[in-house]
Amino acid sequence: MLNYKFLANKIGLLLFFEAGFMLTAALVSVIYGENDLGSILISALITSGIGALLWFFSKVRSPEMGKREGYFLVAVVWAVYSIFGALPFWLSGYIPSYTDAFFEAISGFTTTGATILQNVEALPHGLLFWRSLTHFIGGVGILVLMIAVLPVYGTGNMMLYQAEYSGANFGSKIKPRVLDTVRRIVHIY
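Residues numbered from 1 in each chain as written. Predicted model: local features only at pLDDT ≥ 70, side-chain atom pairs only at ≥ 80, totals over all residues. Heavy atoms only, no water.

**Brief notes about the packing of helix α3 (residues 67-85) against helix α5 (residues 98-109)**
Link 1 in the chain: As a packed pair, α3 and α5 sit with axes 8 Å apart at the nearest point and diverge in direction by 130°. Taken together, α3 and α5 sit at an angle that is classed as oblique. Of the two elements, α3 crosses α5, and the hand of that crossing is right-handed. Residue-level inspection shows W78, A79, Y81, S82, I83 and G85 of α3 in contact with α5, the latter providing Y98, F102, A105, I106 and F109.
Link 2 in the chain: Looking at the contact of α3 with α5 residue by residue, the class counts come to nine nonpolar, two polar and no charged. (Axes fitted to C-alpha atoms, helices over the stretch in contact; angles between N-to-C directions. Helix = DSSP H or I, 4+ residues; strand = E, 2+ residues; numbered from the N terminus. Parallel < 35°, antiparallel > 145°, perpendicular 65-115°, else oblique. Left-handed = near helix turned anticlockwise from the far one by under 90°. Contact = heavy atoms within 4.5 Å. Nonpolar A, V, L, I, M, F, W, Y, C, P; charged D, E, K, R; others polar.)

This is the structure we're talking about:
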């Protein structure tokens, strides 16, 4: 049986990180003085608010994570990040349909690069930066970022790493040091 409380707690933490990334896009918007600042800040507030609720009401005593939780988290986090990642596009009005905004966000987080926009460069700098960040986060891997930032959960991190990179073989005597691998991936990317 899945540990839903544990999963809600981790998704809440991941939403905090997504809100933090949104705030960097807000900073770009401030620098350029464009009209997308409000929509990015509101999106960050909504994202961090939902993240806080999930995190606060699902505190866990035992940070154990099995393979099931790892695989479930890998599957769900892409959708959750895209649901909230669509908010800046949609609330700004530059992509008036939430479905199209969701497509734009999921395209970034999955690094497919597809777009519904005819002229991507017409977006304000803050939204353009947010769009680029979705590609960066997707390229590095949302869960790889989580593993790099939350090394406290040792065993669970290995499960997430294994779920995210299914080709990785952990049966041999030489086991990769997950945090070192994550650092190298981020550095190269």
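Let's pick the thread back up.
**Concerning the side chain of R131**
Link 1 in the chain: With respect to the helices and strands, R131 occurs in helix α6 (residues 125-140).
Link 2 in the chain: Note on R131: relative accessible area 13%, which makes it buried.
Link 3 in the chain: Other than its neighbours up to four places away in sequence, R131 contacts F89, E104, G113, A114, T115, V120 and L123. (Buried < 20%, exposed > 50% of the residue type's maximum accessible area, 1.4 Å probe, protein only.)

**Some details on the environment of P88**
Link 1 in the chain: The residue P88 is located in helix α4 (residues 87-92) in this model.
Link 2 in the chain: What makes P88 buried here is its relative accessible area of 0%.
Link 3 in the chain: Each C-alpha atom of the pair P88 and A105 lies 9.6 Å from the other, and the pair is 17 residues apart in sequence.

**Observations concerning the pattern of salt bridges**
Link 1 in the chain: Under the criterion given, the structure shown has one salt bridge.
Link 2 in the chain: Measuring nitrogen to oxygen at the nearest pair gives 2.6 Å for the salt bridge that ties R131 to E104. Of this pair, R131 sits in helix α6 while E104 sits in helix α5, and the two are 27 residues apart along the sequence. Judged on exposure class, the residue R131 and its partner E104 are both buried. (Salt bridge = Lys/Arg side-chain N within 4 Å of Asp/Glu carboxyl O.)

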